[in-house]
Every structure is written in structure tokens, then in C-alpha cells.
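The chain contents come next:
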Amino acid sequence: MIKKSIQLATISTSHFSPWLPYAAGCLISYCNRDPVIASQYEFSEPIFEYRKLSEYTEQLSEADYLGLTCYVWNQIYNDKLAAMYKRHRPDGIVIYGGPNIPEEEDVANAFIAARPYLDVMFVGPGERNFAAWLKGEGDEGTVTREKYNVSNMRAYQIKGDDLPTPYTDLLFDDIFKRSGMLKVPFETNRGCPYSCAFCDWGGQSRSKLSVFDEDIVLRQLDYIYKQRNVSELELLDANFGVLPRDVSLVEYMIELQELHDNKIKLGYAGLAKNGSKHLPRILDLFSKSMNLDQRNQKLSFQSHTPLVLDNIDRSNIDNSKLLLLLDECKRTSVVTTSELIIGMPGETADTWLDSIATNHNYGINYIRTYIFNYVPNTSLYSAEYRKKFAIKSKKLRFPYTFGGLSYKFLHNNPGHTSTDFSDYEEFEITTEMYSWDIDELVKMSDYHWWYHNMWNGGVLRPVVTDVKSEVLMFYKYIDQMPFMKSLVEKNRSIVRRLYSADEPEEITDLETYLYYTKCMRSDEVYKIWANQDKFIADMSLIYDKADLEECATHFIEDFSLRLYGTDANILKNKDGFLQRNEYNAHN
């Protein structure tokens, strides 16, 4: 019997270290355990690299099935790849799965109708349903042009001892051997007990937590730490630290990095949302013994406005429990970053400034602001939610050619643009809702701009005493400060370019792209550093000139690219200054 060939692909659009095709590997690992599938189908090595479509033509033409993992950032590329495959193999079967496949019936039917090359797509967790479909045992969890067959999505989730094992199955051996540095996804549990309106982790299909067998988890870690070309190990768990065993898992990773002399950088998608008695110990281990991608402890408040938290279904996560974690971070001198999302339903400029001030008054060291994006399979994405909060939105398109460019490139090539949209990423953002319009959002971005630069960036950190009153004073006098106004107006123009319904959907300038993808910052800190006399002259309307000159003595003396981007900081000794001033000032 000739086996049918299946080519799966989880394609990374990163222009830096590519991600291993973990989702495709999980499907292969799960399916290969079944003797029926193993006797009838043969899986090729999964594809994971972003290349020109023509480079995949021959490889795909040999496959009877093409299965693509769809994310918001690779959907356009996947569509082009699938269409190309269908032209060369009209008898081939195109399969979609992944987080970008809509669960809602009307949206799912429209999604597949718009793609004539697509034969079937799987909704929600895919291992069980994909295996059953291959064996001809049903089509639960699938959408075709003829049928929407999605019902109890909680039942699609795999159990603890069903965790696929692509690493110890050696599915990625050849990829590791021939590749450069790779980012490696990893999970110890799957699902999230919360259902925040903006996030696709929870919801109907993922709200039940599946805890994977610890022996299986440990064996996967053993394999990963033996590899010498892992640029980052990314924990995919939504709430790592919620379980007692998570402490021992971190301790085991530390043992492995010592055993193999392989201190892999560790990233994590999310820590326990409602606080956990295990997190302090985990954070202590992270800070003392591991190479973290993010040195700061994230506290995901999103907002401190009760109405907003209720509107985004976040009221079941108690912000006060995060304050207990904050107290532990202060005790152990762990630097903290609060995550906020700008422009959520119910937010206004006044409430947004109150949230910023509340964070600051809690003694949180930094605030990182995120744009309110639309993600499929969230409450926010539904027509009902949009109607309830009078939400209007637009799609943004960014050329793939921007993906490999950094602030260093922008510094050396100011004003860089690209009109090459042969391949592009597409995202959806809000342009208006019941609690704000574009002018109100610009005001919110003004407040973010002040805090991101004056405090996060260190520009005024030595002299800030009352965030809210100082922000309001700054904008009261902004028309009398020509240099500072030029920086503010630049920020405002970028915000309007992104959010205004009247602006084009195609973003052609690199600066706006970096602003969107790097947490709402441009080159303001660099401009202040390069124009200190103008900065001091303007800000003397609000602060004592001698105090401003004292601030400037803490500025770095030579140019550094750290003056750009998300974590731009103007101070000579960022960490030392942080310890002397922030903790002492707040406690």
C-alpha cells in the first residue's frame, strides 16, 4: 500500500532566530502514535522557514496534503503558499489550523468561502480531531464549504498524559543539526482558566487547564538542553507558577543548564494571573540562576479602571493579588514592569492617566503599554461585542521587508520607507468606540508618551514626585515649549497615522512600523539626549533649572542605540540609579 504524503508547516516570519515548528511537530508526534495512521500516511519534515514561494514549489508538489498553522502574522503568507500549492497540485488537499482559524460559525464560513484553494480547516486544539479525520472516524471540529461541524470545543483539548513529544521523538533532529540558532517553544500545561475579552488563551475551547505528565515534560527538557543552538526557550504556559511542581521544574532546568554547560535564554508567555504562593520562589530562581529574556517581573494589570476591567471580562482576576506579588518583588529587589493596554472599552484619557498614576504610586518600576489588537476567537472579535461597545476598526498592513530592520537601521536611515507589499503582515486595531474617538486616543497617547520617556526613559526620574499633576502641567505649557512640542507632535502624527480611519491601511514608513511593534516609542529619548540645552530651556517652565541640570549629569555621555526603542534609557547607570531612587522613593 502506497502511503499518502503529508506536508505540515508552522512558518515563522521572524527575520532573526526562526522558531521551531512546534505546532506541526505536535500534530506529527500525536498522529504517529496511532498504528492506523502510521500505516497509511507519511509525514515529511515540517516546514518552518519563511522563504520565497518559488523555493517551496518542488517540495510541496510532492505532497498529497498540505497543512498550515495559521497565526495573525503569517496568514497572508500561508494563503499565498496554499494557492501556489493548489495550482501545482489541484488534486491535493489544503488544511488550515491554528489560532487564526475563527471559531464563530458565520466568521468561519466567510473565512473559508474567501479562500477557494482551502479544503478543510480545524477549529481549536487540533491533535485529537486531526488524527480522527485522517482515520476517517469523523469530522468533528472541522469547517468545509459544505459543513460547519464544531460543537463542544472543550472536548478537543488533550489530556495530561497525551502531551505530544516532538523533541524526544527526534522529529527536529535534522533541523537542529543543519540550522543556526533557533527559538524553541515548550509547554508544561495547556489552557487558561480565565476568559479575557482581548485574549484567545481562554474561552470555550481553552478554559480548562490540561496539566501534562511531569515525566514527559522532564524528558523533553532533557533533550532541549542537550542542543547547542537554542537561542531561546519559550515557555508557552499561560499561567506558569500556578502549580506547586512549577518550582521543581525551574530547579530542574537550572540543573540541566549546569550539567550541559548550556545557559539557554528563557522566555515565558505568562505567569500566574491571580498571584500564586509559588511565584516568589520561582522569581528568585529566575533572577539568580537563569538567563532571562525579560529581566523584569511582568505584572499584567491591563487597567486600573473598574468599568474597563468589567468590559473586558477581567474582573475575575483580582488586581489586589498582584500587589502581594509586587510586595515580594520589592522585598527581593526584583525590578517590575506593569503591562497596560491603551484604548480599551470604557477607558477615557482621564481614567487612563489615573491608571498610569496608580501604577506609579504602587512603586512599579516601569510601565509597558500595548495597543488594543483584535485577535480571532476572542469576545472582542465577535460582532456582538463590537456592537455593544460601538467599536469601529481598521486593518493595518506592514511589508515583510520591515521585519528584519531595527532601530539601528532607522538611526542610520531616517525616513526609510517601503512600498513592497508583495508579502505583508496584517493586523486589526480600533479606530473608535463608545468611550473615545481619535482625539481622545491621541490624548491618552500623550499621557503614555510623557511617562514612557520622562520616567521609563529616565529623563526626569530624579525629579518626578507627582506623576498626574506633572503630566497635566506639561501639557498645559506644551505650546510654550517649542522643542518638546515638536517631539509630542511627532508622536501624535504617528498615532493618527495608525488609528485614523481616514489614513491608508498600508504603512510604508519604518518608523511607524517600529512604533507599532515596539510598544509605542520613536526616537524621543535620543532627541532629548542630543538636544539637552533645548530640553532644559523648555522644561524650566515647570521644573527648577538647577534640578534639570542635575538630571542631565546622570545622562549617558556617548551615543548608544539604547536611546531608541521599547526600553530606551538615558541614564549612565540604569540599574544602580534604579536601586537608589525608585525603591527608596516609593517605600
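Residues numbered from 1 in each chain as written. Predicted model: local features only at pLDDT ≥ 70, side-chain atom pairs only at ≥ 80, totals over all residues. Heavy atoms only, no water.

Caption draft 1: Region of interest: the overall build of the protein. Regarding its fold elements, the protein presents 23 helices and 19 strands. Taking 587 residues into account, the globule formula puts the C-alpha radius of gyration at 25 Å, and the protein, at 25 Å, falls close to it. Reported as C-alpha extents along the three principal axes, the dimensions of the protein are approximately 85 × 55 × 45 Å. Counting across all 587 residues of the protein, residues that qualify as buried make up 58%. In the protein, 77% of the contacts between residues at least 6 apart in sequence involve partners at least 24 apart. Per element, the accessible surface of the protein, about 23,800 Å² overall, is 48% carbon and sulfur. Charge separation in the protein, taken as the distance between the mean sites of 65 positive and 84 negative side-chain charges, equals 1 Å. (Helix = DSSP H or I, 4+ residues; strand = E, 2+ residues; numbered from the N terminus. Rg over C-alpha atoms; globule rule 2.2 N^0.38 Å. Buried < 20%, exposed > 50% of the residue type's maximum accessible area, 1.4 Å probe, protein only. Contact = heavy atoms within 4.5 Å. Areas by Shrake-Rupley, 256 points an atom, 1.4 Å probe, with all protein chains shown as cover. Lys, Arg positive; Asp, Glu negative; His and termini not counted. Charge placed at Lys NZ, Arg CZ, Asp CG, Glu CD.)

Caption draft 2: Local environment of the sheet that holds strand β17 (residues 366-371). With respect to topology, 3 strands assemble into an open sheet ordered β15-β16-β17, the strand pairing being parallel. The open sheet has two free edges, formed respectively by β15 (297-302) and β17, since each of these has just one partner strand. Across this sheet, the average inter-strand angle for adjacent strands is 30°, counted without regard to direction. Here β15 pairs with strand β16 (residues 336-342) via 4 bridges, running parallel. Note on β16: the bridge partner recorded for Gln 297 is Thr 336. In this fold helix α12 (residues 319-331) packs onto β15 and β16, with an angle of close to 155° to the strand it touches most, β15. Across the sheet, helix α16 (residues 438-456) lies against β16 and β17, angled at about 145° from β17, the strand it touches most. (Pairing = 2+ DSSP bridges. Axes fitted to C-alpha atoms, helices over the stretch in contact; angles between N-to-C directions.)

Caption draft 3: Up close: the confidence of the model for the protein. The predicted model of the protein averages 88 in pLDDT, with 92% of residues at 70 or higher. Scored below 50 in pLDDT, residues 576-587 makes 26 contacts in the model with residues more than four places away or belonging to other chains. (pLDDT = per-residue confidence, 0-100.)

Caption draft 4: Structural detail: helix α8 (residues 214-225). Its 12 residues place the ends of α8 17 Å apart at the C-alpha level, agreeing with the 16 Å of an ideal helix rising 1.5 Å per residue. Turning to α8, the residues buried within the fold contact α7 (173-178), β9 (182-186), β12 (230-235) and α9 (245-259). (Expected span 1.5 Å × (residues − 1).)

Caption draft 5: Looking closely at the packing of aromatic side chains. On inspection of all chains with the given rule, the structure shows 34 aromatic pairs. Centre to centre, the rings of Tyr 41 and Tyr 65 are 5.9 Å apart; their planes meet at 70°, and the pair counts as edge-to-face. In this pair, Tyr 41 is assigned in strand β2 (residues 41-43) and Tyr 65 in strand β4 (residues 65-69), connecting sequence segments 24 residues apart. Each member of the pair, Tyr 41 together with Tyr 65, is buried. (Phe/Tyr/Trp six-rings, centres within 6.5 Å; stacked < 30°, edge-to-face > 60°.)

Caption draft 6: Spotlight on a negative patch on the surface. The grouping of Glu 104, Glu 105, Asp 106 and Glu 384 at the surface amounts to a negative patch. When you line up the elements, Glu 104 lands in the loop between β5 (93-97) and α5 (105-113). According to the relative accessible area criterion, Glu 104 is partly exposed, its value standing at 37%. (Patch = residues over 30% accessible without salt bridge, like charges linked within 9 Å, V, L, I, M, F, W, Y side chains within 5 Å. Salt bridge = Lys/Arg side-chain N within 4 Å of Asp/Glu carboxyl O.)

Caption draft 7: Spatial organisation of helix α10 (residues 279-289). Of all the residues in α10, the buried ones are Leu 279, Ile 282, Leu 283, Asp 284, Leu 285 and Phe 286. For α10, the secondary structure elements touched by its buried residues are α9, β13 (265-268), β14 (291-292), β15 and α12.

Caption draft 8: Inspection of the packing of helix α13 (residues 349-362) against helix α17 (residues 467-476) at higher detail. Contact geometry of α13 with α17 gives a least axis separation of 9 Å together with a crossing angle of 135°. Taken together, the axis directions place α13 and α17 in an arrangement best described as oblique. For the pair α13 and α17, the contacting residues are Leu 353, Asp 354, Ile 356, Ala 357 and His 360 in the first and Val 467, Lys 468, Val 471 and Leu 472 in the second. Taken together, the residues of the contact of α13 with α17 sort by class into 6 nonpolar, 1 polar and 2 charged. (Parallel < 35°, antiparallel > 145°, perpendicular 65-115°, else oblique. Nonpolar A, V, L, I, M, F, W, Y, C, P; charged D, E, K, R; others polar.)

Caption draft 9: Summary view of the environment of Leu 163. Within the secondary structure, Leu 163 is located in the loop between β8 (148-149) and α7. Distance from Leu 163 to Cys 26, taken between C-alpha atoms, is 8.2 Å for residues 137 residues apart in sequence. If we ignore the near neighbours within four places in the chain, the residues touching Leu 163 are Tyr 22, Arg 33, Ile 158, Glu 187, Phe 212, Ile 216 and Val 217.

Caption draft 10: Spatial organisation of empty space enclosed by the protein. Applying the stated criterion across every chain yields a total of 3 cavities of 30 Å³ or more. Roughly 40 Å³ of volume is contained in the second largest cavity. Lining the second largest cavity, in full, are Ile 356, Ile 367, Thr 369, His 448, Tyr 451, His 452 and Asn 456. When residues of the lining of the second largest cavity are traced back to their parent elements, those giving at least two are β17 and α16. Ranked by the residues each element gives to the lining of the second largest cavity, the list is headed by α16, at 4 residues. Considering only residue class, the lining of the second largest cavity consists of 3 nonpolar, 4 polar and no charged. (1 Å grid on protein atoms, 1.4 Å probe; cavity = no way out; pocket = protein on both sides within 12 Å on 5 of 7 lines; lining within 4 Å. Points joined across faces, edges and corners; volume = space filled by probe spheres on them.)

Caption draft 11: Molecular detail of the nonpolar core. Trp 450, Leu 460, Met 484 and Phe 535 are the most contacted members of the largest nonpolar core, which has 150 residues in total. Among the elements that line this core, the one with the most residues is α16, at 10 residues. Filtering out sequence-adjacent residues up to four positions away, Leu 460 remains in contact with Trp 450, Met 454, Phe 535, Met 539, Tyr 543, Leu 548 and Cys 551. Membership of the second largest hydrophobic core comes to 30 residues, among which are Leu 60, Ala 83, Tyr 117 and Met 121. (Core = buried A, V, L, I, M, F, W, Y, C linked by side-chain atoms within 4.5 Å.)

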